[in-house]
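# Summary of the model geometry
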Amino acid sequence: MDLIVEDLAAIDNKLSQRHIDLDPNGYFIIYIDRATGLIYAKHFTNVIDERGLAVDPETGKVIPARGKVERTHTTVFSGRTAKELCVKIFEETQHCPVTLLDHAAYLGREFVRAEVALVTGQDYVQD
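Residues numbered from 1 in each chain as written. Predicted model: local features only at pLDDT ≥ 70, side-chain atom pairs only at ≥ 80, totals over all residues. Heavy atoms only, no water.

All right, on to the confidence of the model for the chain then. Scored by pLDDT, the chain has a mean of 92; 99% of the residues are at 70 or more. For the chain, per-element mean pLDDT is lowest for helix α1 (residues 5–15), which scores 89, and highest for helix α2 (residues 82–91), which scores 98. (pLDDT = per-residue confidence, 0-100. Helix = DSSP H or I, 4+ residues; strand = E, 2+ residues; numbered from the N terminus.)

So, on to the side chain of His-43. With respect to the helices and strands, His-43 occurs in strand β2 (residues 38–44). Engagement of the side chain of His-43 in a polar contact is seen with the backbone oxygen of Asn-25, the distance being 3.0 Å. With residues near it in sequence (within four places) discarded, His-43 still touches Asn-25, Gly-26, Tyr-27, Phe-28, His-73, Thr-74, Thr-75, Phe-77 and Pro-97. (Polar contact = N/O pair within 3.5 Å; in protein donor to acceptor, adjacent residues only side chain to side chain. Contact = heavy atoms within 4.5 Å.)

It is a general feature of regular strands that their side chains alternate between the two faces of the sheet. Here strand β1 (residues 27–33) shows a clear split, with Phe-28, Ile-30 and Ile-32 buried on one side and none of Tyr-27, Ile-29, Tyr-31 and Asp-33 buried on the other. Sheet analysis places β1 next to β2, joined by 7 bridges and oriented antiparallel. Looking across to β2, one finds that Phe-28 is bridged to His-43. Connecting β1 to the antiparallel partner β2 that follows it, the hairpin turn spans 4 residues, and Gly-37 within it adopts a positive phi of roughly 70°. (Buried < 20%, exposed > 50% of the residue type's maximum accessible area, 1.4 Å probe, protein only. Pairing = 2+ DSSP bridges.)

An order of β1-β2-β5 is seen for the 3 strands of this open sheet, with the pairing classed as antiparallel. Looking along the sheet, the strands with just one partner apiece sit at the ends: β1 and β5 (75–79). Averaged over neighbouring strand pairs, the angle between their axes works out to 20° when direction is ignored. Note: β2 against β5, 5 bridges, orientation antiparallel. Bridging from a neighbouring strand, Lys-42 pairs with Val-76 of β5. Set on the sheet, α2 makes contact with β1, β2 and β5; between it and β5 the angle comes to about 145°. Those strands touched by helix α3 (residues 101–120) are β1 and β2, and its axis lies near 10° from that of β1. (Axes fitted to C-alpha atoms, helices over the stretch in contact; angles between N-to-C directions.)

Time to look at the nonpolar core. With 18 residues, the main nonpolar core has Phe-28, Ile-30, Ala-41, Ile-89 and Phe-111 as its most contacted residues. It is α3 that provides the largest number of residues to this core, a total of 6 residues. Once residues lying within four places of it in the same chain are set aside, the contact partners of Phe-28 are Ala-41, Lys-42, His-43, Phe-77, Ile-89, Pro-97, Val-98, His-103, Leu-107 and Gln-126. (Core = buried A, V, L, I, M, F, W, Y, C linked by side-chain atoms within 4.5 Å.)

Let us now look at the environment of Ala-117. If you trace the backbone, Ala-117 turns up in helix α3. For the pair Ala-117 and Phe-77, spaced 40 residues apart in the sequence, the C-alpha separation amounts to 18 Å. Setting aside residues up to four positions removed in sequence, Ala-117 forms contacts with Ile-32, Arg-34, Gln-122, Asp-123 and Tyr-124.

Next up, the structure:
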């Protein structure tokens, strides 16, 4: 079966709509900086409430999935490649900020997407 780009995009878009459990250790905001040639991943802590929603541990307020949220990150990781960033987060960090395997897999995919965008000059928007 030959898969073309549109088919792959459709599969990816459909899978992006599935339910995922949130990592109780927090979440990352990923972006690229062309001037430095780096991929950045800001880590933010959260608590998961009884409804499965991410809550700001300082304010107790639910963290919205969309829109701008004013919060302070706990750590900023950076790397020139997806692999370098993964090594820093998953292998070199004393207390890994990721506790769920699906979260780790998601981050790896996003870091590769960010790396491709950085190399090709494309825009990068985190999924």
